[in-house]
Amino acid sequence: MNGWRPTVFFLFFCFLLGLPVSFASGGDGVAVLQGVIVDAGQRPVAGAEVALYLSEDVRRPAAYKSNRTAGDGRYRLAVPAGDYWAVAAQRRDDAESGPLGLADRHSGPPVAVSLRAGREKEKRFEVLDLRQAARRLAREKSTLVPVRGRVLDAAGKPVVMAYAVADTVAEKGGLPRHVSAWTGVDGVYELMLPPGGYFLGAARQFPQTGGYRLPRELEVREEVAGVDLELASEP
């Protein structure tokens, strides 16, 4: 007779927080992602929203969506803690999905975000229309620096189907900023990085659970080859 009560309380809790009933896998408890959506001139954008996905494949319906922004450009999502991929968009025709039009604005490739239970994460998104995005992408590609090498095991042999990763910090608790494609039988990887200082590592499992350390420090200013990485020990 009383079995309905926990369900009712749970649904009421989700309603207050703006959560969908089906929770995403990969975390327990509630986390908050919030921030502002701006245009190319760094002005707040009204009528935009942030969508969260469970993978980098954003051609499917989003797991969660924020409110549509008002004149201040602010958005907010309260979702189950976990790792997500986020994009922001402003559709001029108020459509929920489908191809972008020339007047629509978008934040570009999905961005990895790690949300932890009981914490709020602030993230700013910049949305561009298709012409602006194409011009910016051309400029960014011209400045990326290739870093190449091999992923090796403890015996110095090439590792197949491993990833090379890079970030600006050595100790990581979530998704790294840059990830290579899988290595082939020769263990060769390639990372395309903006100039700067990085920490590099390699792993077969991705994303790794818990914290991990990127052991190889590297200053990237021009093309670098022969940067071999030892495969991280696996649990």
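Only a predicted model underlies this, so the values are computations on that prediction, with no experimental measurement involved. (Residues numbered from 1 in each chain as written. Predicted model: local features only at pLDDT ≥ 70, side-chain atom pairs only at ≥ 80, totals over all residues. Heavy atoms only, no water.)

1. Points about unusual backbone geometry
Stage number 1. The phi dihedral of Gln-42 is positive, around 65 degrees, even though this residue is not glycine.
Stage number 2. You can see Gln-42 is positioned in the loop between strand 1 (30-38) and strand 2 (48-53).
Stage number 3. One non-glycine residue, Met-161, adopts positive backbone phi at about 60 degrees.
Stage number 4. The class for Met-161 is partly exposed, based on a relative accessible area of 42%. (Helix = DSSP H or I, 4+ residues; strand = E, 2+ residues; numbered from the N terminus. Buried < 20%, exposed > 50% of the residue type's maximum accessible area, 1.4 Å probe, protein only.)

2. A look at the environment of Gly-82
Stage number 1. Along the chain, the position of Gly-82 falls in strand 5 (residues 82-90).
Stage number 2. For the pair Gly-82 and Val-113, spaced 31 residues apart in sequence, the C-alpha separation works out to 8.5 Å.

3. A look at the sheet that holds strand 15 (residues 188-193)
Stage number 1. The 3 strands lie next to each other as 15-11-19, forming an open sheet whose pairing is mixed. The sheet is open, and its two edges are formed by strand 15 and strand 19 (229-230), each paired on a single side. (Pairing = 2+ DSSP bridges.)

4. Considering the sheet that holds strand 14 (residues 178-179)
Stage number 1. With antiparallel pairing, the 4 strands of this open sheet are ordered in space as 14-12-16-18. Of all strands in the sheet, those bounded by a partner on one side alone are strand 14 and strand 18 (216-220).
Stage number 2. The pairing of strand 12 (residues 163-167) with strand 16 (residues 196-203) spans 5 bridges and is classified as antiparallel. Within strand 16, the residue paired with Tyr-163 across the bridge is Ala-203.

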